[in-house]
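Coordinates in review
Listed below, chain by chain, are the residues.
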Amino acid sequence: MRTIAVINAKGGCGKTTIATSLASALAWEGHVVALADMDPQQSTNDWLKHRPENYPALTGIDADAAARPPSDVDTLIIDTPAGLAGNELEQIIKRAQTVLVPVLPSPVDMRAAWRFLSHLQEIRAVRNSDTIVGLIANRVRPQTIIYRELTGFLEGFRVPVIGQLRDSMNYVRAFEKGLAVADLPPYLAFHDWEEWEPVLAWIRSKKSQGKGASPNSLLAAAMQRLTGG
Ligand SMILES: Nc1ncnc2c1ncn2[C@@H]1O[C@H](COP(=O)(O)OP(=O)(O)O)[C@@H](O)[C@H]1O
Ligand SMILES: [Mg+2]
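Residues numbered from 1 in each chain as written. Chains lettered and ligands numbered in written order. Predicted model: local features only at pLDDT ≥ 70, side-chain atom pairs only at ≥ 80, totals over all residues.

**Description of the overall build of the protein chain**
Helix and strand content of the protein chain: 9 helices and 7 strands. A burial count over the protein chain gives 40% of its 229 residues as buried. Long-range pairs, those at least 24 residues apart, make up 75% of the contacts in the protein chain with a sequence separation of at least 6. (Helix = DSSP H or I, 4+ residues; strand = E, 2+ residues; numbered from the N terminus. Buried ≥ 20, exposed ≤ 12 C-beta atoms within 10 Å, placed from the backbone. Contact = placed C-beta atoms within 7 Å.)

Pasting the structure below:
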């Protein structure tokens with residue numbers, strides 16, 4: 001089973017948004033996806049409760065480290081609380097093959113992310129590349145050069161910037177209904193799907209995990225929906 005954790009010591013950077021969006025996108029690709037919500041605020045679990053039945057199903061599982069998802073689950077996504085550190089952080093890192101770190105494109109958040117990434121690099125699983133870390137620039141406004149800035153600021157870290165997601169009400173409106181951008185119709189969310197494509201491509205690639213993954217893409221799945229195929 002593939003385990004992907006969404007982590008950043010900072011709150012409000014988009015962990016829950018990215019965990020739920022990724023879960024929905026992978027479910028559209030045909031993956032059997034479970035979500036574990038480790039945050040006492042339980043936003044992901046609340047989202048799951050609101051998820052309508054006529055969309056790809058997602059299973060919520062107990063966040064307990066000992067909990068085993070149902071055997072048909074091929075991907076587990078872990079949403080985490082802000083302020084995760086110490087042993088708890090290490091345990092989650094060890095459990096995941098892939099860690100996504102959302103970062104808001106503000107100087108304060110980038111500095112905080114820098115500290116967090118320095119800390120991650122000290123964890124053995126990350127040092128040994130047993131767990132691969134990728135950064136996502138989140139809530140990026142049009143015409144910002146954040147991608148270049150982030151890449152520059154990350155120099156010295158072996159952490160790729162795997163994508164950037166725009167600041168869009170689509171995320172907010174979808175979330176309220178138990179949906180994510182992959183569940184929205186193309187006339188509303190095509191731009192968001194395009195932004196997710198490099199993120200999903202990285203997640204499918206061997207370099208993010210060390211073993212093979214599904215060749216389907218979100219766009220291919222979306223085209224299938226459109227053509228009724
Ligand atoms: N790309 C985005 N565009 C617009 N709003 C976003 C985006 N990502 C997150 N948000 C909003 O920002 C707030 C914090 O996001 P959330 O995912 O809950 O962060 P975290 O889980 O890290 O605390 C939420 O209100 C969410 O809807
Ligand atoms: Mg959250």
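**Observations regarding the site of ligand 1**
Around ligand 1, the structure places 16 residues, and the nearest of them are G14, K15, T16, T17 and Y171. Per-class residue counts for the shell around ligand 1 are 5 nonpolar, 8 polar and 3 charged. (Near = placed C-beta within 6 Å. Nonpolar A, V, L, I, M, F, W, Y, C, P; charged D, E, K, R; others polar.)

**A look at the sheet that holds strand β4 (residues 75-79)**
Strand order in the open sheet formed by 7 strands is β3-β2-β4-β1-β5-β6-β7, and the pairing between neighbours is parallel. Two strands in the sheet have a free side with no partner beyond their single neighbour: β3 (59-61) and β7 (161-166). Averaged over all pairs of adjacent strands, the angle between their axes in this sheet comes to 25°, without regard to strand direction. Examined bridge by bridge, strand β1 (residues 2-6) and β4 share 5 bridges and lie parallel to one another. Bridge pairing in β4 places A5 opposite I78. (Pairing = 2+ DSSP bridges. Axes fitted to C-alpha atoms, helices over the stretch in contact; angles between N-to-C directions.)

**Here's the deal with the nonpolar core**
By size, the foremost hydrophobic cluster in this structure holds 60 residues, and its most contacted members are A23, I77 and V101. The element best represented in this core is helix α1 (residues 15-28), accounting for 8 residues. Excluding its chain neighbours within four sequence positions, the residues that come into contact with V101 are I7, N8, A113, F116, L117, V133 and L135. (Core = buried A, V, L, I, M, F, W, Y, C linked by C-beta atoms within 7 Å.)

**Focus: unusual backbone geometry**
One non-glycine residue with positive phi stands out, namely S129, at about 60°. Its location among the elements puts S129 in the loop between α5 (124-127) and β6 (132-140).

**Considerations on the packing of α1 against helix α2 (residues 43-50)**
Running from amino to carboxyl end, α1 crosses α2 at an angle of 40°, the nearest separation of the two axes being 10 Å. It follows that α1 is oblique to α2 by the angle criterion. Of the two elements, α1 crosses α2, and the hand of that crossing is right-handed. In this structure, α1 contributes T16, A19 and T20 to the contact, and α2 contributes S43, T44 and W47. (Parallel < 35°, antiparallel > 145°, perpendicular 65-115°, else oblique. Left-handed = near helix turned anticlockwise from the far one by under 90°.)

**Quick word on the environment of D109**
Relative to the assigned elements, D109 resides in helix α4 (residues 107-121). Separated by 99 residues in the primary sequence, D109 and K10 have C-alpha atoms spaced 7.8 Å apart. In this structure D109 touches K10, C13, V103 and L104, once residues within four positions along its chain are discounted.

This is a description of form; function is not addressed.
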